Amino acid sequence: MAPLTYNWCEGGRVPTRQSRIAPLRPRVTCSDPAASSKRSTSSCDKRRHHALRAESHKSNRQTANSASVSAPPTSTSQTNNTATTSDDATNAPAATAAAAAALDLTTTTATATATTTTQQQVKSTWTRVKSRAPTLSLTSGAVVCVVYPDGVLELSDGRASERRPRVHLSLGANALAHNPVRWNANDNKIVVEWVCGSTLEVTRPPNHEEAAVSEKDWWLRGRKNAVLVNFRVPSTAEPVPSPDFQPYPDEGPHAPRAAEVSVELDQGGSWYGGAHLMRQHWPLEEGRWEVGPHLPFDNGPHGIGMLVGCHWVSSHGVCVAVDPESRGLHAGLNAPLRSRPGRAVPGSTLDGYRGGREEDPWPRRAWGVGVQNCGRPLLPLGDIAQDAGDRMLRLQSRLGWEDDGVVHPWCRVAPRDDDGTASLRVCLSVSPDVREATTSALAPMPRPGRSPPDKIMQHPIWCTWARDHSGVTQDSVMTYARQIAERGLPRSAMEIDDRWQQRYGDIHFCPSKFPTAKEMVDELHDLGFKVTLWVTPFAEAASETYREGAALGYYVTSHSATPASEEFELGISLPGTALKFAVDLFQNLENGMFRWWGTQPVAALDLTNPKAVRWFLAKLRKLQEETGVDGFKFDAGEPCFLPSRANTHAELAHPAEYTRLWVTEVARHFEWAEVRCGWPGTSGTHLLTRMGDKDSMWGIGNGLRALVPQLLTAGVLGYPFCLPDMVGGNCYWGQSPSEELMVRWAQTSSLMPAVQFSLPPWRVSERAAGLCAESLAIRGRFAREIARIAKDSAVSLEPMCRPMWWLDPHDTSSFSVNDQYSLGNDVVVAPVVERGAKSRSVYLPHGLWRELPTWECRVGDDRCVESPLVVHEGRQTFQVDAPLAKLPVFVRVGSRVEAELGLTSAAAMRGN
């Protein structure tokens, strides 16, 4: 059920069809020579033809429905109705009159321009005439929401007009061709119903002081200056007429019905939040995030990662939050106008799909899980100079997970039995600035109440993964630990990664690889390490754990076997995996078994079964008692790691419910623990939340450059204890970090909430080892501050590491700073994340900032040159020298940190 939008062609307003997941087409004026391309000209011809058909359809529908359709009122005289026009604002309440003044509905226009090589940023053209705009309004705190008959909403808090968010509802052609059937409001609610059956309710969210807030509305607690939009689209809603007019060739009668609420980005400024992405743009509108399933993925079909939230905030103080339990929840931000699933475009940046005529469709883009995606392009796309994107934040509730353009693990899951109505609840609020918008977004989220152990926050974790991968043994662990101790390096935990078990799923050490596991753990304790083990919810068929648990019904099964044709269709579209799927077909996998990132088929623990969870926890605790291990690294937990047509003990209200159960019902029971996935509701734990596996490379595409944007995004989403991935990356696919990359990675991580090493720096070079040790020494100087901030964040849920705008939320220059972060409010870290750079530009917030002095030393040379104490004034950009040995750090003048470090005296600093 595709919505209708209005384009302007030679002065005429013509309805055009909008794709169910596609971005809005740019509204172009065909008489503009700059926009008179071949495509725009032909499009206008089609639109004229389409307009005639729509008008004919409109006339027929008006005749058929004349008895049931009433025009929206144009005054406030009707009973229980506060509808007003802008010309009649004097009859409205004072607040509404003020809002009408703020919402001056004079004509606002913007046009898309194009050159032969680039498409400039497209802004929506939106034109209204006062006398034709009857409205309904609702006041909630300082915010007034105004609703128009054609499904456009506006919020205002009395500030400048360019800051008010404008929201669009996906209405079919019938809804725009006729007036609403129902159109009324009172002091507490706006209700609108259109001919097509779609309905809108706008209310105030529950007051945070009200005790009786239903469990399903937990995400609304504490929202201020906000309205709750409930948009429902029934399965009986008619699609847009004129099926012969299809702007995109992949659209057709099989388009999924959806309720869509979309927000114009440019009215909100810069945007943050949403989710971890494989290419983490900061701010988000610098990328092109395609609309796709909004749930935790291991590299999802549109680039979504393991940590997923359900709110977005903007630099103008706008907060958009969506109900986490929305059925078939899909989301995207600034989706690409040209490079879309199912559509080939010359010059597409998607590897493997480059070239082809514009009218030729792409093959379906297929996404599996784990290693099946290693050859996929990293999304979201960038390069907005070539494609500005649709400039919209799109939220959708679909009747299912099917998508004509993408195959992914959940697309085959049948929807739950209900009334067939797509319903989307979105909370919209406006705050004075982006920091207050973020605290408003975090208000309903559960608080941990306590931070991770001080030791793990102050000293690095040492993991075996990048060093040994699956070849880890007791001898290799002890060799690694003794090397760390001999070098005098700080340490918190030795993390024994994949695979210490004999078979995946077994919860005991492999006797051949770890013959005396308890003695090993005891020796590690003596060396100053806590000991943690890597675990997942998976078990292979040959494991003792699976045989026991399957007999008890503790593992997820499938409702039916997956048809061979579907598996082959998925596999054949993924380069390098068709053979793997062919093997699966002949292997005749057991019910519930599926492929993950390993080569062995596995089953997933049924976390919806409380008995299965207690059974699993008992096995982990027994292992602790027998060997003395201190905790666990809880890997996976994303719903993409479930079999097709998953059959669970209790029905999953939403696929991400599996993630919530993994974090809150399993991992949180252990003091020393980390997870890598998250979903709204999982923030209330003391656990470290690890970033996804990073490649040993520099760029924003899952390399070093992505660390700071992902750290900041985790904070905006309510996860202050963010653990960056291991220094130097995972050394996948033959990658190995250079000396420079290893050192810069260590420096970038050094003042984040926690630090994790895996590849020994001395394997890279002795100089790398020395400089990595220096980065850890810097961390040691701030250990007390890190502990204090961690404890504060456990109560407030404010980020430990903050974006520059958190310190100065009205400074527009801070909104795009994506390679710096602050530790609390008094320490700014500006690492070098560009290959070969020996200096960098730094932007500091308001105030005076003292640069942390450093000493230029060579390994083995006692002569060191101390840098001078330099003070910089904030709200300006300046260049700072940053040779490989230097991490630029700045401390607020007059702060407690400055006094504790003795920065007023260079000599005092030398002794720390």
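Residues numbered from 1 in each chain as written. Predicted model: local features only at pLDDT ≥ 70, side-chain atom pairs only at ≥ 80, totals over all residues. Heavy atoms only, no water.

In terms of helices and strands, the protein carries 21 helices and 42 strands. Here the protein, with 912 residues, has 62% of them falling under the buried criterion. Counting contacts in the protein only where the partners sit at least 6 residues apart, residues at least 24 apart contribute 74% of the total. Counting only carbon and sulfur atoms, one obtains 49% of the accessible surface of the protein, whose full area is about 32900 Å². (Helix = DSSP H or I, 4+ residues; strand = E, 2+ residues; numbered from the N terminus. Buried < 20%, exposed > 50% of the residue type's maximum accessible area, 1.4 Å probe, protein only. Contact = heavy atoms within 4.5 Å. Areas by Shrake-Rupley, 256 points an atom, 1.4 Å probe, with all protein chains shown as cover.)

Turning next to the side chain of Ser476. With respect to the helices and strands, Ser476 occurs in helix α7 (residues 474-486). A polar atom in the side chain of Ser476 sits 2.8 Å from the backbone oxygen of Thr473. Each residue touching Ser476, except ones within four places of it in the same chain, is listed here: Arg467 and Asp468. (Polar contact = N/O pair within 3.5 Å; in protein donor to acceptor, adjacent residues only side chain to side chain.)

Right, let's get into the nonpolar core. One finds Val202, Trp312, Trp462, Met494, Ile496, Phe634 and Phe782 to be the most contacted residues of the largest nonpolar core, which totals 205 residues. Other than its neighbours up to four places away in sequence, Ile496 contacts Thr464, Val472, Val477, Phe514, Met520, Val531, Thr532, Leu533 and Trp534. Membership of the second largest hydrophobic core comes to 7 residues, among which are Trp218, Leu220, Ala226 and Ala321. (Core = buried A, V, L, I, M, F, W, Y, C linked by side-chain atoms within 4.5 Å.)

Bringing the packing of aromatic side chains into the picture now. Following the criterion strictly, the structure yields 25 aromatic pairs and no others. An angle of 85° between the planes, with centres 5.5 Å apart, marks the rings of Phe634 and Trp662 as edge-to-face. Of this pair, Phe634 sits in strand β27 (residues 631-634) while Trp662 sits in helix α13 (residues 657-666); the two residues are 28 residues apart in sequence, bridging distant segments of the chain. By relative accessible area, Trp662 is classed as buried at 0%. (Phe/Tyr/Trp six-rings, centres within 6.5 Å; stacked < 30°, edge-to-face > 60°.)

Scored by pLDDT, the protein has a mean of 78; 70% of the residues are at 70 or more. Predicted confidence is poor over residues 857-864, with pLDDT under 50, and the contacts of this stretch with residues over four places away or in other chains come to 7 contacts. (pLDDT = per-residue confidence, 0-100.)

This brings us to the packing of helix α15 (residues 739-749) against helix α17 (residues 766-781). At a minimum axis distance of 9 Å, the contact between α15 and α17 shows a crossing angle of 5°. Classed by the angle they form, the pair α15 and α17 counts as roughly parallel. Across the interface between the two elements, Glu739, Met742, Val743, Ala746, Gln747 and Ser749 from α15 touch Arg767, Ala768, Leu771, Cys772, Ser775 and Arg779 from α17. Of the residues contributing to the contact of α15 with α17, the split by class is 6 nonpolar, 3 polar and 3 charged. (Axes fitted to C-alpha atoms, helices over the stretch in contact; angles between N-to-C directions. Parallel < 35°, antiparallel > 145°, perpendicular 65-115°, else oblique. Nonpolar A, V, L, I, M, F, W, Y, C, P; charged D, E, K, R; others polar.)

Glancing now at α13. Within α13, 7 of the 10 residues are buried, which leaves it mostly tucked inside the rest of the structure. Looking at α13, one finds that the buried residues are Tyr658, Thr659, Leu661, Trp662, Val663, Thr664 and Val666. Turning to α13, the residues buried within the fold contact β23 (530-535), β26 (602-604), α12 (610-627), β27 and β29 (672-675).

This next bit is on the environment of Gln876. Among the structural elements, Gln876 can be located in strand β41 (residues 876-881). The exposure class assigned to Gln876 is partly exposed, which follows from its relative accessible area of 35%. A sequence separation of 31 residues divides Gln876 from Pro845, and the C-alpha atoms of the two residues are 7.8 Å apart. Look past the residues within four positions of Gln876 in its chain and what remains in contact with it is Val842, Tyr843 and Leu844.

Examined against the element boundaries, Gln747 turns out to sit in helix α15. The exposure class assigned to Gln747 is buried, which follows from its relative accessible area of 4%. A distance of 2.8 Å separates a polar atom in the side chain of Gln747 from the backbone oxygen of Leu884. When neighbours within four sequence positions are excluded, Gln747 is seen to be in contact with Ser775, Leu884, Ala885, Lys886 and Leu887.

Think of it this way: side chains of opposite charge can pair up when their charged atoms draw near. Applying the stated criterion across every chain yields a total of 36 salt bridges. The salt bridge partner of Arg660 is Glu657, with a shortest N-O separation of 2.5 Å. Placement of both Arg660 and Glu657 in helix α13 is noted, with a separation of 3 residues, approximately one turn of the helix. The exposure class assigned to Arg660 is partly exposed, which follows from its relative accessible area of 24%. Note that Arg767 and Glu739 form a salt bridge whose closest N and O atoms lie 3.3 Å from each other. Note that Arg767 is positioned in helix α17 and Glu739 in helix α15, a separation of 28 residues in sequence. Taking relative accessible area as the criterion, Glu739 reaches 27% and is therefore assigned partly exposed. (Salt bridge = Lys/Arg side-chain N within 4 Å of Asp/Glu carboxyl O.)

Our next topic: the sheet that holds strand β6 (residues 166-169). An order of β3-β4-β5-β6-β11-β18-β16-β13 is seen for the 8 strands of this open sheet, with the pairing classed as antiparallel. Here the strands that pair on one side only, and so sit at the sheet edges, are β3 (136-140) and β13 (289-293). Across the sheet, the mean angle separating the axes of adjacent strands is 15° when strand polarity is ignored. Pairing analysis gives 7 bridges linking strand β11 (residues 258-264) to strand β18 (residues 392-398), with the strands arranged antiparallel. Considered in β18, the bridge of Glu260 is made with Gln396. (Pairing = 2+ DSSP bridges.)

Glancing now at the environment of Gln280. With respect to the helices and strands, Gln280 occurs in the loop between β12 (271-277) and β13. When near neighbours in sequence (up to four residues on either side) are disregarded, Gln280 contacts Ala275, Ile700, Pro709, Gln710 and Thr713. One polar contact links the side chain of Gln280 to the main-chain amide nitrogen of Leu277, over a distance of 2.6 Å. In this structure the side chain of Gln280 is engaged in a polar contact, spanning 3.4 Å, whose partner is the side chain of Thr713.

One key point about sheets: their strands pair by backbone hydrogen bonds, in either a parallel or an antiparallel sense. Read across the open sheet, the 8 strands follow the order β31-β30-β29-β27-β23-β22-β21-β32; overall the sheet is parallel. Sheet topology places β31 (722-723) and β32 (756-757) at the edges, where each strand pairs with a single neighbour. Bridge count between strand β21 (residues 461-463) and β32: 2 bridges; the pairing is parallel. Within β32, the residue paired with Ile461 across the bridge is Gln756.

It is worth spelling out the pairing of strand β15 (residues 318-322) at this point. Counting buried positions along β15 yields 5 of 5 residues, so the element is predominantly enclosed. On β15, burial covers both faces: Val318, Val320 and Val322 on one face and Cys319 and Ala321 on the other are all buried. Here strand β14 (residues 304-314) pairs with β15 via 3 bridges, running antiparallel. Bridge pairing in β15 places His311 opposite Ala321. Count of turn residues in the β14/β15 antiparallel hairpin: 3 residues, of which Gly317 carries a positive phi of about 90°. Inspection of the sheet shows β15 paired to strand β20 (residues 422-430) by 5 bridges, in the antiparallel sense.

Moving on: the pairing of β18. For β18, a buried count of 7 out of 7 residues is recorded, marking the element as mostly surrounded by other parts of the structure. One ladder, built from 5 bridges, connects strand β16 (residues 329-333) with β18; its direction is antiparallel. The residue of β18 that forms the bridge with Ala331 is Leu395.

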